[in-house]
Amino acid sequence: MGIDFPEGFLFGSATSAYQIEGAAAEDGKEDSIWDVFCRVPGAIVNGEDGTLACDHYHRYAEDAKLLADLGMSTYRFSVSWPRVLDSDGAVIAKGMDFYSRLVDELLANDVAPWLTLYHWDLPAALPGGWKNRDTAKRFVDYAVAVQEHLGDRVRTWTTLNEPWCSSFLSYAAGVHAPGETDPASSIAAAHHLLLAHGWTVQALRQADPTASLGITLNFTPAIPATRSDADSDVARRVDGTANRFFTDPIFTGAYPADVLSDLGELWPSGLVQDDDLAAISAPIDVLGVNYYTTNMFRAASPDEATDCATPHIAAPDAVQVLRDLPLTEMGWEVDPGGLRDLLTWLHTTYTGPAGTALVITENGAAFDDHADADGFVSDVDRVDYLRAHLGAVHEAIDAGGDVRGYLAWSLMDNFEWSYGYSKRFGVVRVDEQLRRIPKASALWYGEVARTGHVD
Ligand code: GBH
């Protein structure tokens, strides 16, 4: 009974710098846009921030051992750009050394380091942030500096985590740093992020042709509530800016025609220059897939008020329709079948033809955890979530998808962006004293990682 993953299938877990490190102003680290955003009254639940977080900056050795104890074969973490380069672009030796020690500690514990260069903590000092094309150039300098220091030991590199969040959620919906609400700016940010990705792939590839390079995208498949033209069209428009806005330029070298036409006048003139799309479509080895849920939409009736803070800039008339599915603490529907269909679509449409592998770089859930008298959390709901999604991954492999690994989000409870510490995604609990206490899900998932078997 149960299922077995192919030999060599990678199991691991993931975190990001701002969500776990703390030490926000230590050893010469400068502000990121998240340090600044957290100071805006009302931006974060309970006014919380990542100043201390899980104190991983000081507990990294313990955390590397924890990963090994749980049987993880790989660990995806991110580097904080303003921790390793100052506002003049010079290397901050102590900050860079932190990541060097972390990598050594992981390797000593037989855990392969998987490095994400950008998980949203842009240096606050960069003028205009991602609205400014120059930020993409600065990103390449940063990436090359990190490669010079860690490239002898880190074999797997992800340029960006979820550029949809760093553009549309950050510059149009205003719920992520820097908290702006201008649709045209969000399009500029998205293009400059893609450009930073493409130029970086070219630069890292040239310096080290043997490294594995990729990008991680968040996918929220959008499906229509009915077969009516209006509902199908609204789902198509959400899917266009949420998903195909990124996959099309990366794998086909062009923005999708329907998205360009939907965005029309919003698209800033002169944004895309000669050779940009050639750089953006530089071949990659791995497409990282972050999947949490699938959303069903219907079109609003003409006089119906919709949420004006929507990041779906081509679909202000989109209304989400909840299905009869269980919800996580985030209010996200649990839909593992959506992950199987997504992987199959990606393999067929984009990654298969390009010879690019798929890895689930994030999947997991927040639930209302309760610790017993010993501090132990028996999170059967999270075990069920992980089991169901691993089953969906296995189905996608059976259907011919080239899926090579699965990384659970997250290794430990951490700073959940605008939700502060109120939402817990960890398979390991972090208590008030910052002690790490594996939950039932960590013990269950560790067994899966060691055996490749899901019960
Ligand atoms: C990831 O973002 C991040 O990479 C990670 O840092 C974070 O901790 C983790 O997920 C958990 O949130 O918003 O109702 O329309 C995921 C961001 C989540 C954005 C799903 C789109 C769609 C559901 N995505 N969301 S909804």
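Structural data are supplied above this passage.
Everything numeric in this text was worked out from a predicted model, so none of it was measured.

A. Expanded view of the layout of surface pockets. When its volume is computed, the largest pocket comes out at roughly 1100 Å³. Considering the residues around the largest pocket, the lining is formed by 43 residues, among which Trp 164, Leu 169, Asn 295, Pro 311 and Trp 332 are closest to the centre. Secondary-structure elements contributing two or more residues to the lining of the largest pocket are α7 (163-172), β6 (212-219), α9 (229-252), β9 (295-299) and β10 (318-320). Within the lining of the largest pocket, the residues separate by chemical class into 23 nonpolar, 15 polar and 5 charged.

B. Examining the environment of Asp 374 more closely. Summarising the element assignment, Asp 374 is placed in the loop between β11 (357-362) and α13 (380-398). C-alpha separation for the pair Asp 374 and Ile 437, spaced 63 residues apart in sequence, amounts to 9.7 Å.

C. Geometry of the side chain of Arg 382. Relative to the assigned elements, Arg 382 resides in helix α13. Dropping the residues within four chain positions of it, Arg 382 is found in contact with Ala 365, Ala 366, Phe 367, Asp 369, Arg 424, Phe 425, Gly 426, Val 427, Lys 439 and Ser 441.

D. Main features of the sheet that holds β9. Strand order in the open sheet formed by 3 strands is β7-β9-β10, with mixed pairing between adjacent strands. At either margin of the open sheet sits one strand with a lone partner, and together these are β7 (222-224) and β10. This sheet shows a mean twist of 45° between the axes of neighbouring strands, independent of strand direction. Taken together, the 3 bridges between β7 and β9 define a ladder with parallel strand orientation. Considered in β9, the bridge of Ala 222 is made with Asn 295. Running over the sheet, α9 touches β7, β9 and β10 and is turned about 130° from β9.

E. How the structure looks around the pairing of strand β12 (residues 403-409). Burial analysis of β12 places 6 of its 7 residues in the buried class, which makes it a mostly covered element. Alignment of strand β2 (residues 10-14) against β12, held across 5 bridges, turns out to be parallel. Bridged to Leu 10 within β12 is Gly 405. As paired strands, β11 and β12 are joined by 3 bridges and run parallel to one another.

F. Inspection of the pairing of strand β3 (residues 74-78) at higher detail. Of all 5 residues that make up β3, 5 are buried, and the element is covered over most of its length. In β3, alternate side chains face the same way, and those of Thr 74, Arg 76 and Ser 78 on one face and Tyr 75 and Phe 77 on the other are all buried. Where β2 lies against β3, 3 bridges are found, and the strand directions are parallel. Opposite Gly 12, over in β3, you have Thr 74 as the bridge partner. Bridge analysis of β3 against strand β4 (residues 112-118) gives 5 bridges, and the strand direction is parallel. Bridging across to β4, Tyr 75 finds its partner in Pro 113.

G. Representation of helix α12 (residues 336-354). Helix length check: α12, at 19 residues, gives a terminal C-alpha distance of 26 Å against a target of 27 Å (1.5 Å per residue), a fit within 8%. At His 347, α12 shows its maximal kink, close to 55°. Looking only at α12, the buried set comprises Gly 338, Leu 339, Leu 342, Leu 343, Leu 346, Tyr 350 and Thr 351. In the core, the buried residues of α12 are packed alongside β6, α9, β8 (286-291), β11, α13 and β12. Of the residues one or two after α12, Gly 355 is the one with positive phi, at around 70°.

H. Examining the site of the ligand more closely. Taken together, 18 residues are adjacent to the ligand, and Gln 19, His 119, Glu 162, Glu 416 and Trp 417 come closest. Side-chain polar atom of Tyr 292 to an oxygen atom of the ligand: 3.2 Å apart, as the coordinates give it. Between the ligand and Glu 416, the relevant distance is 2.6 Å, taken from an oxygen atom to a side-chain nitrogen or oxygen of the residue. Residue composition of the shell around the ligand, by class: 8 nonpolar, 7 polar and 3 charged.

I. Layout of the sheet that holds β2. With respect to topology, 8 strands assemble into a closed barrel ordered β2-β3-β4-β5-β6-β8-β11-β12, the strand pairing being parallel. This sheet shows a mean twist of 25° between the axes of neighbouring strands, independent of strand direction. Strands β4, β5 (156-161) and β6 of the sheet are contacted by α7, whose axis makes an angle of about 40° with β6. Across the face of the sheet, α9 comes into contact with β6 and β8 while running at roughly 160° to β6.

J. Quick look at the packing of aromatic side chains. Tallied over the entire structure, the rule returns 34 aromatic pairs. Where Trp 130 meets Phe 139, the ring centres are 6.1 Å apart and the plane angle is 55°; that geometry is what we call tilted. For Phe 139, a relative accessible area of 0% gives the class buried. Three or more aromatic residues link up through ring pairs in this structure, and these residues are Tyr 18, Trp 34, Phe 37, Trp 120, Phe 415, Trp 417 and Tyr 421.

K. How the structure looks around the pattern of salt bridges. What the rule picks out here adds up to 36 salt bridges. Among the ionic pairs, Asp 233 bridges to Arg 237, the shortest N-O distance being 2.8 Å. Taken as a pair, Asp 233 and Arg 237 lie in helix α9 at a separation of 4 residues, close to a single helical turn. The salt bridge involving Glu 447 is made with Arg 450; its shortest N-O contact spans 3.8 Å. Here Arg 450 and Glu 447 lie together in helix α14 (residues 440-451), a separation of 3 residues that amounts to about one turn. What makes Glu 447 partly exposed here is its relative accessible area of 43%. Relative accessible area serves as the criterion here: at 49%, Arg 450 is assigned to the partly exposed category.

L. Seen up close, the packing of helix α6 (residues 133-150) against helix α8 (residues 183-207). The contact between α6 and α8 brings their axes to 8 Å, and the two run at 30°. Considering the angle they form, α6 stands roughly parallel to α8. Note on packing geometry: the crossing formed by α6 with α8 is right-handed. Touching Arg 133, Ala 136, Lys 137, Phe 139, Val 140, Ala 143, Val 144 and Gln 147 of α6 are His 191, His 192, Leu 195, Ala 196, Trp 199, Thr 200, Ala 203, Leu 204 and Ala 207, all from α8.

Calculation notes
Residues numbered from 1 in each chain as written. Predicted model: local features only at pLDDT ≥ 70, side-chain atom pairs only at ≥ 80, totals over all residues. Heavy atoms only, no water. 1 Å grid on protein atoms, 1.4 Å probe; cavity = no way out; pocket = protein on both sides within 12 Å on 5 of 7 lines; lining within 4 Å. Points joined across faces, edges and corners; volume = space filled by probe spheres on them. Helix = DSSP H or I, 4+ residues; strand = E, 2+ residues; numbered from the N terminus. Nonpolar A, V, L, I, M, F, W, Y, C, P; charged D, E, K, R; others polar. Contact = heavy atoms within 4.5 Å. Pairing = 2+ DSSP bridges. Axes fitted to C-alpha atoms, helices over the stretch in contact; angles between N-to-C directions. Buried < 20%, exposed > 50% of the residue type's maximum accessible area, 1.4 Å probe, protein only. Expected span 1.5 Å × (residues − 1). Bend = angle between axes of the 7 residues up to and from the residue. Near = heavy atom within 4 Å. Polar contact = N/O pair within 3.5 Å; in protein donor to acceptor, adjacent residues only side chain to side chain. Phe/Tyr/Trp six-rings, centres within 6.5 Å; stacked < 30°, edge-to-face > 60°. Salt bridge = Lys/Arg side-chain N within 4 Å of Asp/Glu carboxyl O. Parallel < 35°, antiparallel > 145°, perpendicular 65-115°, else oblique. Left-handed = near helix turned anticlockwise from the far one by under 90°.

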